[in-house]
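Structural characterization, general
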2 protein chains.
Amino acid sequence: MKKLMNSAESVLADSLAGMALAHPDLRVDPETRVISRAGGPVPGKVGLVSGGGAGHEPLHGGFVGRGMLDAAVVGEVFTSPTPDRILAALRAADSGRGILQIVKNYTGDTLNFAMAAELAEDLGLTVRTVVVDDDAATGIPAGAQGRSTGRRGTGATVFVERICGALAEQGADLPAIAEAGERVNAASRSIAVALAPCTVPAVGHPGFELADDQMEFGVGIHGEPGLRTEPLRPVAEIVADALAVLLDQLPAGGDDRTIVMVNGLGATPLLELYVVLNEVYAVLRKAGLTIAHTLVGNYVTALDMAGVSLTVCRADEQMLGLWKTPVSTPALRWGC
Amino acid sequence: MKKLMNSAESVLADSLAGMALAHPDLRVDPETRVISRAGGPVPGKVGLVSGGGAGHEPLHGGFVGRGMLDAAVVGEVFTSPTPDRILAALRAADSGRGILQIVKNYTGDTLNFAMAAELAEDLGLTVRTVVVDDDAATGIPAGAQGRSTGRRGTGATVFVERICGALAEQGADLPAIAEAGERVNAASRSIAVALAPCTVPAVGHPGFELADDQMEFGVGIHGEPGLRTEPLRPVAEIVADALAVLLDQLPAGGDDRTIVMVNGLGATPLLELYVVLNEVYAVLRKAGLTIAHTLVGNYVTALDMAGVSLTVCRADEQMLGLWKTPVSTPALRWGC
């Protein structure tokens, strides 16, 4: 295992300390591992909270700021934060108009966020939850791959956070924001391909093995193996295969405009991500879809995994408009 | 070799096509490989141009936009663009007040940009050049490592582009901007450490070999070996050793404030880059230096190399002020 760290035990705390130094407009609490806006909750605004295991940086802390989250909370690498810490995030985001928590669909996360919401309600806070479950690789109801826990939550988290964040900034109320979040999630699907596995610091070896000419199709963001191991092929074929699965599950809808994310899983250079986007564009055009907005970069990573995830949201007029409004976070920033 | 591409021959063209799709505010010319502002040169503003080999993304094209470059030009991977293409970038940046070209110190680049400047002058353009040579690993005058070509240009390129870009946006004239560029370069040093080498697409195998417990100290951004191969150690020791070399060469000066970049070389997760920043902060503080501004992320990469480069600029009042002014490029964006 090759990592720039002092020890597997200290890597998360050291990383959060560095994050605090890099972003003085964020408050990073080393005890609770809650990352929140330095100015505290915005009066009169619905609070937005997300979180999950570490190892997906910049998700989640990198999306705290104007136009996105009010607070994020991280657990150990690939491990859900505990309910008490999630509660601390909810309190850090609360200005009295209610809080929306955006939760990726994993058993630990959904349980712990649900428990935190109960604790918060006991304290008089109003909490609504949007569960993100966009991973098309886990939506295939085939044999051993069928999952009773439903689809995993991955890249669409960024879309839900951005669009709900924009709506909250405009003063919308909690039910409206939660409804928009559900709509964005329902309109979005993702799929990922890994060229190399990742290594969890506390484990010390890769989560699966790949030969020099192999890739993992339909991989998750926690080092788990994907749907199947395949020969590495030209990227045009990889993207066509991946989008075939994704588009097959993308809800039909009146609008053919999309928001697309080409997301590096951690170890893939931007040079290659742009190549992927070029292929995505060609496949979507053939499918009668246009790209209205694009994100290309590392947004939802899996430590040092090499590969890419694709997320497509069939966006309506409201989503497209909200997407463009100002956002100011470490990882996403425009218009302000 | 595992890369998301169709072929080594097409990777650059495909990547530029994807870049054009991702950034409609940029104009990407597939023939000349010049990336420029979609709106053309800004009337009354000194033009800023940079460029070099591909494989360092987001450098250089990702820094085109308000507050930084007017045009960038890329050659093949790790290969200087030819003079005629550099000339096309100079013309794309020209609004009649002169052009500053910012060139990393490599033989091919300095020769080709000098030739392009001559061609441009023949056409009546006024061109000044700042050569960036900040790599402390090549500043050690020891035996085989001594280089008659001087220090390599690496991370400080971003600092020179940002500060000169800010000054140009404010309406400064060419001599003032060139002088500021020289000052930023003189006040900056970098050093890099690789945990894994990179693979040039057209070559197909890594540029050097590293065992599972080794790292390369003082590495360059073109897959060339570094000063020495060393055992991988806790990051606190790596950063202390790297900054010892860097700070030894950092010009003494009245101001103890710095701008610091912790730059991923391509395959290193943000989680680890924040850990590195935390150590950098501790070492600089012991050295009596404070960090006024920080960049943490992938800015000057070497394809899929794993590792980090550190750049420290001992900044004066003018630099610190200019740094904060609005910038709007794909890779650096704030205040607008």
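Model, not experiment: these values are computed from the prediction.

Quick look at the overall build of chain A now. Check the secondary structure of chain A and you find eight helices and 14 strands. Whereas a compact globule of 336 residues would reach a radius of gyration of roughly 20 Å, chain A reaches 19 Å, a difference of no more than 12%. Here the C-alpha coordinates of chain A stretch approximately 55 × 50 × 40 Å along the principal axes. A total of 336 residues make up chain A; the buried ones form 61% of that total. Contacts spanning at least 24 positions in sequence make up 74% of the contacts within chain A whose residues lie at least 6 apart. On chain A, roughly 11,200 Å² of surface is accessible, and the fraction owed to carbon and sulfur atoms is 53%. When the 26 basic and 38 acidic side-chain charges of chain A are each reduced to a single mean position, those positions are 5 Å apart.

Time to look at the domain arrangement of chain A. Residue and element names in this part refer to chain A. Each domain of chain A was delimited in the assignment, giving domain 1 (11-186) and domain 2 (188-328 + 330-334). Centre-to-centre, using C-alpha coordinates, domain 1 lies 21 Å away from domain 2. On the domain 2 side, the residues contacting the 44 residues of domain 1 number 46 residues. Summed over both sides, the interface between domain 1 and domain 2 buries roughly 3,700 Å², with carbon and sulfur atoms accounting for 63% of that surface. When the buried area of domain 1 at its contact with domain 2 is split by residue, Phe78, Phe159 and Arg162 rank highest and sum to 19% of it. Across the salt bridge formed by Arg152 and Glu224, the nearest N and O atoms sit 3.4 Å from each other. Remark: the boundary between domain 1 and domain 2 carries 22 residue pairs in polar contact (both at pLDDT 80 or more). For the side of domain 1 that touches domain 2, the secondary structure elements donating two or more residues are α4 (156-169) and α5 (174-186). The greatest single-element share of the side of domain 1 that touches domain 2, amounting to seven residues, is contributed by α4. Residues that form the side of domain 1 that touches domain 2 fall into these classes: 22 nonpolar, 13 polar and nine charged.

Residue and element names in this part refer to chain B. Strand order in the open sheet formed by six strands is β9-β8-β7-β12-β10-β11, and the pairing between neighbours is mixed. The open sheet terminates on both sides in strands that have one partner only, identified here as β9 (228-231) and β11 (290-297). Each strand of the sheet is rotated relative to its neighbour by a mean of 20°, with strand direction disregarded. Pairing geometry for strand β8 (residues 214-217) and β9, over four bridges, is antiparallel. Paired with Gln214 across the strands is Pro231, a residue of β9.

With that out of the way, let us pick up the interface of chain A and chain B. Of the residues lining the interface, 54 residues belong to chain A; the matching set on chain B comes to 54 residues. Taking both partners together, chain A and chain B bury about 4,500 Å²; carbon and sulfur atoms supply 65% of that area. Per-residue buried area on chain A facing chain B is highest for Lys2(A), Leu4(A) and Leu271(A); these three make up 21% of the total on that side. Taken together, chain A and chain B are joined by zero salt bridges. Looking at which element gives the most residues to the side of chain A that touches chain B, the answer is helix α7 (residues 270-286) of chain A, with 10 residues. Residues of the side of chain A that touches chain B, tallied by class, amount to 31 nonpolar, 12 polar and 11 charged.

Residues and elements named next belong to chain B. A cis geometry characterises the amide bond from Glu57 onward to Pro58, with omega recorded as 10°. Here Pro58 shows up in the loop between β3 (47-54) and β4 (71-77). Note the cis peptide between Leu59 and His60, where omega equals -5°. By the element assignment, His60 lies in the loop between β3 and β4.

All names here are of chain A. Here six strands make up an open sheet; going across it, the order is β9-β8-β7-β12-β10-β11 and the pairing mixed. The open sheet has two edge strands, β9 (228-231) and β11 (290-297), and neither has a second partner. Taking the axes of each pair of neighbouring strands and ignoring which way they run, one obtains an average angle of 20° across the sheet. Here α5 sits on the sheet in contact with β7 (188-196) and β12 (306-314), set at roughly 55° to β7.

Let's shift gears to the relation of the copies chain A and chain B. For the pair chain A and chain B, the best superposition has an RMSD of 0.0 Å and corresponds to a rotation of 180° with a translation of 0.0 Å parallel to the axis. The superposition of one copy onto the other is thereby described by a two-fold rotation axis. Taking the C-alpha atom as reference, chain A places Ala267(A) closest to the rotation axis, 1.8 Å from it. An overlap of 100% is found between the interface residues of chain A and their copies at the interface of chain B, pointing to a shared contact surface.

Empty space within the second largest pocket amounts to approximately 1,400 Å³. Mapped by element, the contributors of at least two residues to the lining of the second largest pocket are β7 of chain A together with β7 (188-196) of chain B. When grouped by side-chain class, the residues that make up the lining of the second largest pocket number 22 nonpolar, five polar and 11 charged.

Reading guide: rules and limits
- Residues numbered from 1 in each chain as written.
- Chains lettered and ligands numbered in written order.
- Predicted model: local features only at pLDDT ≥ 70, side-chain atom pairs only at ≥ 80, totals over all residues.
- Heavy atoms only, no water.
- Helix = DSSP H or I, 4+ residues; strand = E, 2+ residues; numbered from the N terminus.
- Rg over C-alpha atoms; globule rule 2.2 N^0.38 Å.
- Buried < 20%, exposed > 50% of the residue type's maximum accessible area, 1.4 Å probe, protein only.
- Contact = heavy atoms within 4.5 Å.
- Areas by Shrake-Rupley, 256 points an atom, 1.4 Å probe, with all protein chains shown as cover.
- Lys, Arg positive; Asp, Glu negative; His and termini not counted.
- Charge placed at Lys NZ, Arg CZ, Asp CG, Glu CD.
- Domains from an automatic or database assignment.
- Buried area = accessible area lost by both parts, 1.4 Å probe.
- Salt bridge = Lys/Arg side-chain N within 4 Å of Asp/Glu carboxyl O.
- Polar contact = N/O pair within 3.5 Å; in protein donor to acceptor, adjacent residues only side chain to side chain.
- Nonpolar A, V, L, I, M, F, W, Y, C, P; charged D, E, K, R; others polar.
- Pairing = 2+ DSSP bridges.
- Axes fitted to C-alpha atoms, helices over the stretch in contact; angles between N-to-C directions.
- Least-squares fit on C-alpha atoms with pLDDT ≥ 70 in both.
- 1 Å grid on protein atoms, 1.4 Å probe; cavity = no way out; pocket = protein on both sides within 12 Å on 5 of 7 lines; lining within 4 Å.
- Points joined across faces, edges and corners; volume = space filled by probe spheres on them.

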